[in-house]
Amino acid sequence: MARQNPGILYCYCKFARIIPNEVKTGVLERLAGSDLDFDAVPDLCEMSARKDPRLAEVAPGSKVIACYPRAVQGLFHSAGHPLPAGVEILNMRAGTADEIVQSILPAGAAA
Amino acid sequence: MTVTAQGSVPAGVIAALLEKGYRVAREAAAEPSVRVNGKAWPAPPGAGAAVAAEVDAYVRGDAPVPAAAWKPWFPVIDYKRCTNCMQCLSFCLFDVYGVSGTGQIEVRNQTNCKTDCPACSRVCPEVAIMFPKYRHGPINGDAVSADDVRREAMKVDISALLGGDIYSLLRDRSEKAKSRFSKERDDERALKERQNCLVTMGKALGVPAEVLASLPSVEEIQAKAEAARQRAEEARKLAGQS
C-alpha cells in the first residue's frame, strides 16, 4: 500500500479473541469476495510494538478496519507513524460485519 | 513476509495465512491464486489451511517452526488526554515507561509489560492509558465518558486507594514484619499479611496473580520508585523549559 494511494487495511487481531469472530470473519469473507484490493495484517498491535515502517504507508482517505479509533490512532502514534488526517477507522469491536462492509463496499455491492 | 492473494482467494486461505503471521496483500485479478516470490499456488474454494501450510513450508524451508509469539500486550498513550503527570512512570515497576528527549512520557519497553495487567491505566488520572486488547472500556480505547473521568479522579491518589502511599505501605509492612519476627517469629503470619496486601492490590487494580508473584523485593521497589521520581522530576523540568 503506497502512501499516495488510499486503500483498505484490515487487522486480523491474531493474538486476542476480543473481536467477535462473526464480525472478524464476516468482514474478511466479504472483502475476499469483492473486487477490492486490500491489505490484511495479522495484528496491528504487534506491528506497532515493532514500529513497523509499513504503518507509515497508510494514506489519507484510507480505511483501517480494526478496533476502537482511539486505540488505533494511539498504536500508529506509538509506532512513530501518526495516522494522517482523513483516514477512516472502522471498529470491529462495536460494529456488525454488515455495518462495516457497507462503509467500504460501493453501494449495491455490500449485500 | 507479505503474501499476495490474487483474485477471489477464499477468506479461509487469507485467514490461515494471517494465523501463521503472514501479511496478505489482496489484488483483484482473474484466477484465484496465492503468490510468494513469483511462485504461485492455486486457491480454490475449500482450500484454506492446506494452502497456508504449503506457503509456510515454502517460505520457511528447513527453518524450525518459531516458538510461540509474544502476545502484544502493552500500554498505548492517548496524547490528546495525557498531561505528562508521570504517574504511570512512577507506578510501573517493570520499566515499561520512559521519557523522551523533550521530556514527554512514552512507552519505551513494551515487552517488559506484564500480559493482562492493566494496572497503570487504572492509576492514570486522565484515562489516557489504553490497552487495546483489554476487554472493557475505556481501557480498551472506547470513548471516555464523564463518569470514567470522575471515577479515575477518585482513584488517582493511590494512597487513598490503599490506605497510605504504596511504597510507605510496603515499607511499613516490612518494618512491622521485622518487628513481629523479633517478637513472635511468626513467619506464616507475616507471609499471610503480605499475601493479603497483594490480594487487596490485585483486586483494586486488576493485577493478575502471576504479576503480583513476580514483584521485586521491597528494597528494589523503593529504589525503583526513587529512580522514577528523579526521572519524572527531570522530565518535568525539561518539559517546562521547552
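Residues numbered from 1 in each chain as written. Chains lettered and ligands numbered in written order. Predicted model: local features only at pLDDT ≥ 70, side-chain atom pairs only at ≥ 80, totals over all residues. Heavy atoms only, no water.

## So, the overall build of chain A
Secondary structure summary: chain A contains four helices and four strands in total. When the helices and strands of chain A are listed from N to C terminus, the series reads β-α-β-α-β-α-β-α. For chain A, contacts bridging at least 24 residues in sequence account for 74% of all contacts bridging at least 6. Entry remark: accessible area of chain A is about 4600 Å², with carbon and sulfur atoms responsible for 52%. (Helix = DSSP H or I, 4+ residues; strand = E, 2+ residues; numbered from the N terminus. Contact = heavy atoms within 4.5 Å. Areas by Shrake-Rupley, 256 points an atom, 1.4 Å probe, with all protein chains shown as cover.)

## Considerations on the side chain of Asp148 of chain B
Residues and elements named next belong to chain B. Note that Asp148 resides in helix α5 (residues 146-155). At 2.9 Å, the side chain of Asp148 and the backbone nitrogen of Ser145 are in polar contact. Discounting residues that sit within four places of it in the chain, Asp148 has contacts with Val127, Pro138 and Ala143. (Polar contact = N/O pair within 3.5 Å; in protein donor to acceptor, adjacent residues only side chain to side chain.)

## Here we look at the interface of chain A and chain B
Opposite the 39 residues of chain A that make contact, chain B presents 41 residues. For the pair chain A and chain B, the two sides together bury roughly 3200 Å², of which 56% comes from carbon and sulfur. At the junction of chain A with chain B, the criterion picks out three salt bridges. Residue Asp78 of chain B pairs with Arg70 of chain A through a salt bridge whose shortest N-O separation is 2.8 Å. Counting across the chain A and chain B interface gives 19 residue pairs in polar contact (both at pLDDT 80 or more). Elements that contribute at least two residues to the side of chain A that touches chain B include exactly α1 (21-32), β2 (38-41), α2 (44-49) and α3 (69-78) of chain A. When residues in the side of chain A that touches chain B are grouped by element, the largest group, seven residues, is from α3 of chain A. Grouping the amino acids of the side of chain A that touches chain B by side-chain chemistry returns 20 nonpolar, six polar and 13 charged. (Buried area = accessible area lost by both parts, 1.4 Å probe. Salt bridge = Lys/Arg side-chain N within 4 Å of Asp/Glu carboxyl O. Nonpolar A, V, L, I, M, F, W, Y, C, P; charged D, E, K, R; others polar.)

## Observations concerning the pattern of salt bridges
For the structure on display, the rule yields twelve salt bridges over all chains. With its nearest N and O atoms 3.9 Å apart, the salt bridge here joins Asp56 of chain B to Lys20 of chain B. Here Asp56 of chain B is found in helix α2 (residues 49-60), whereas its partner Lys20 of chain B is found in the loop between α1 (11-19) and β2 (23-27), with 36 residues between them in sequence. In this structure Asp56 of chain B comes out as buried when scored by relative accessible area, which is 11%. The class of Lys20 of chain B is partly exposed, set by a relative accessible area of 39%. Notably, a salt bridge pairs Asp56 of chain B with Arg60 of chain B, separated by 3.2 Å at the nearest N-O pair. Of this pair, Asp56 of chain B and Arg60 of chain B both sit in helix α2, four residues apart, which is roughly one turn of that helix. Here the residues in one salt-bridge network are Glu46, Arg50, Asp52 and Arg54 of chain A, joined through shared partners. (Buried < 20%, exposed > 50% of the residue type's maximum accessible area, 1.4 Å probe, protein only.)

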